[in-house]
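# Architecture and fold: a report
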Amino acid sequence: MMNRKHGKFAKVGGVILAAVAIGSLGACQDQANGGGAGSRDHITVVGSSTVFPFTTLVAERLVNGTPGMKAPAIEATGTGGGMKLFCAGVGAAYPDIEDASRRIKASEYKTCVGNGVSRIIEVQIGLDGIAFAEAKTGPKLQLTAVDLYSALAAAPKGRPNTARTWKDVNAALPAIPIQVYGPPSTSGTRDAFAELVLARGCETVRPEMAAVKEKDSAAFAKGCTAIREDGAYIDAGENDNLIVQKLQSNPNAIGIFGYSYLERNTDKLNGVPLNGVEPTYETIARGAYPGSRPLYLYVKAAHLSAIKGLREFLALYATSWEPGGPLAAKGLIAAPEDVRKRNAEIVKNATLLQPSQLK
């Protein structure tokens, strides 16, 4: 694996593909106007750092099982950053797939369409949870959505956040500094944290904000989901492994990342219960854990016939997300059976996303 300014690349099939491989494709003959994607000879993927290890595993299985298959280039840019790259156009210079730890927004879809990316396939690959974790030697925090909103929102109760310790937000919590390592604003994990945790905490403390949410999304964001910028919340970038390292060196801090990273580091970390529910495979799978969320792939239908192996890659993904399958072994939580069947049919038939469903 290789780090660089904009993310990280997967080493697949013994090959490391650098960013220039995507950028230089503009020189290739581009057949996008005919519904193809030019003469590129490998799959390119951008997006979520949470989905990154799952897509990497499927790519490795594809390469290992297909003689002559070139290694896909997979970059963890964050969901938001990946959407900008994915929606920039159709053709060899643009990614085939966007890994996403949240659903595409209506505004992002509009950008896609404006750039000619009008035929998009949405595939839910499984479930994940927004996990909160601390070091094994940490203070054994137990938090609620209200605690996290009161600790991390920029303006809880409509006033600038002055809380310095967890005890400042909840007298039952210890008087240790609020220090939270989390994803950047380009991350789908951060978007999901805002929607699933901060917004719920805000609406509990400020019930009137539910009406504001319907009428003025900008005002709701300012009052409920904007995160403070005075050092209590530390942007750790898209490298979730870095958060694991920082928690080990700072045992009073907590970290926020996808559940799969917690599962892979249970020898180093403890999950922090949220609203009395621990983040586990079982609690997320049955929807008991408040931070549960779906994970997605977005695929350009125009690239399916032009990019070698793209159809096979998607078909292999659909056979890998079963309970007890290779992706579950990597930390993916299998979606309910009806969801798996529906999305397998979407892959099989290349069913297009209906934009009327988006927010």
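This part is about the overall build of the protein. Within the protein, the regular secondary structure consists of 15 helices and 13 strands. Looking at the protein as a whole, 55% of its 359 residues qualify as buried. Pairs at least 24 residues apart make up 74% of the contacts formed inside the protein by residues separated by at least 6 positions. Of the roughly 15,000 Å² of accessible surface on the protein, 51% is carried by carbon and sulfur atoms.

Right, let's talk about unusual backbone geometry for a bit. Unusually for a residue other than glycine, Lys 140 sits at a positive phi of about 60°. Along the chain, the position of Lys 140 falls in the loop between β8 (120–135) and α5 (145–152). A positive phi angle, near 60°, is found at Lys 157, a position not held by glycine. Within the fold, Lys 157 resides in the loop between α5 and α6 (166–169).

Further remarks concern the state of the cysteines. Per the stated rule, a full pass over the model turns up two disulfides. Two residues, Cys 87 and Cys 112, share a disulfide whose sulfurs are 1.9 Å apart. With the S-S dihedral at roughly -65°, the linkage between Cys 87 and Cys 112 falls on the left-handed side. With Cys 87 in the loop between α3 (79–86) and β7 (97–100) and Cys 112 in helix α4 (residues 106–114), this pair connects stretches of sequence that are 25 residues apart.

We now examine the environment of Phe 86. Its location among the elements puts Phe 86 in helix α3. Taking relative accessible area as the criterion, Phe 86 reaches 0% and is therefore assigned buried. A C-alpha to C-alpha distance of 8.6 Å links Phe 86 and Val 45, two positions 41 residues apart in sequence. The contacts of Phe 86, once residues within four sequence positions are left out, are Pro 95, Asp 96, Ile 97, Glu 98, Cys 112, Val 117, Ile 120, Tyr 298, Val 299 and Lys 300.

Close contact between helix α2 (residues 52–65) and helix α13 (residues 310–318) brings their axes to 10 Å; oriented N to C, the two are set at 115°. By crossing handedness, the relation of α2 to α13 is classed as right-handed. Counting all contacts with α2, which are made through Phe 54, Thr 55, Val 58, Ala 59, Arg 61 and Leu 62, the residues of α13 involved are Glu 312, Phe 313, Leu 316 and Tyr 317. Partitioned by chemical class, the residues of the contact of α2 with α13 number seven nonpolar, one polar and two charged.

Turning to helix α10 (residues 240–249), a few remarks are in order. All buried positions along α10 are accounted for by Asp 240, Ile 243, Val 244 and Leu 247. Down the axis, α10 shows its buried residues gathered within 100° of arc, on one side only. Buried positions along α10 lie against β8, β9 (180–182), β11 (254–258), α11 (259–263) and β12 (269–271). At the N-terminal boundary of α10, the capping side chain belongs to Asn 239, with an oxygen 3.1 Å from the backbone nitrogen of Asn 241.

Summed over all chains, the structure comprises 13 salt bridges. Of the charged contacts, one joins Glu 108 and Arg 102 as a salt bridge, the two residues approaching to 2.7 Å between their closest N and O atoms. Just as Glu 108 is buried, Arg 102 falls in that class too. Across the salt bridge formed by Glu 203 and Lys 213, the nearest N and O atoms sit 3.7 Å from each other. Of this pair, Glu 203 sits in helix α7 (residues 188–205) while Lys 213 sits in helix α8 (residues 209–215), and the two are 10 residues apart along the sequence. For Glu 203, a relative accessible area of 26% gives the class partly exposed. One continuous salt-bridge network, built from bridges that share partners, spans Arg 102, Glu 108 and Asp 191.

Further remarks concern the pairing of β11. Counting buried positions along β11 gives five out of five residues, so the element sits mostly inside the fold. Where β8 and β11 come together, four bridges link them in antiparallel fashion. Directly across from Ala 133, in β11, lies its bridge partner Gly 255. As paired elements, β9 and β11 share two bridges and run parallel to each other. Each residue of the ladder has a partner; that of Tyr 181, found in β11, is Gly 255.

To continue, consider helix α15 (residues 337–349). Over its 13 residues, α15 extends 18 Å from the first C-alpha to the last, a length consistent with the 18 Å expected when each residue adds 1.5 Å. Residues of α15 that are buried include every one of Val 339, Arg 340, Asn 343, Ile 346 and Val 347, and no others. Viewed end-on, α15 has its buried residues packed into an arc of 120°, placing them on one side of the element. What points out from α15, more than 90 degrees from its buried face, is the exposed set Asp 338, Lys 341 and Lys 348. If you follow the buried residues of α15, they end up packed against β8 and α13. Positioned one or two residues after α15, Ala 350 has a phi angle of 55°, which is positive.

When pLDDT is averaged across the protein, the result is 89; 89% of the residues are at 70 or more. Ignoring residues within four places in sequence, the model shows residues 1–8, a span with pLDDT below 50, making 25 contacts including any to other chains. When the criterion is pLDDT under 50, residues 13–38 qualifies, and its contacts beyond four places in sequence or with other chains add up to 52 contacts.

So, how was this worked out
Residues numbered from 1 in each chain as written. Predicted model: local features only at pLDDT ≥ 70, side-chain atom pairs only at ≥ 80, totals over all residues. Heavy atoms only, no water. Helix = DSSP H or I, 4+ residues; strand = E, 2+ residues; numbered from the N terminus. Buried < 20%, exposed > 50% of the residue type's maximum accessible area, 1.4 Å probe, protein only. Contact = heavy atoms within 4.5 Å. Areas by Shrake-Rupley, 256 points an atom, 1.4 Å probe, with all protein chains shown as cover. Disulfide = S-S within 2.5 Å. Axes fitted to C-alpha atoms, helices over the stretch in contact; angles between N-to-C directions. Left-handed = near helix turned anticlockwise from the far one by under 90°. Nonpolar A, V, L, I, M, F, W, Y, C, P; charged D, E, K, R; others polar. Arc of directions from axis to C-beta. Polar contact = N/O pair within 3.5 Å; in protein donor to acceptor, adjacent residues only side chain to side chain. Salt bridge = Lys/Arg side-chain N within 4 Å of Asp/Glu carboxyl O. Pairing = 2+ DSSP bridges. Expected span 1.5 Å × (residues − 1). pLDDT = per-residue confidence, 0-100.

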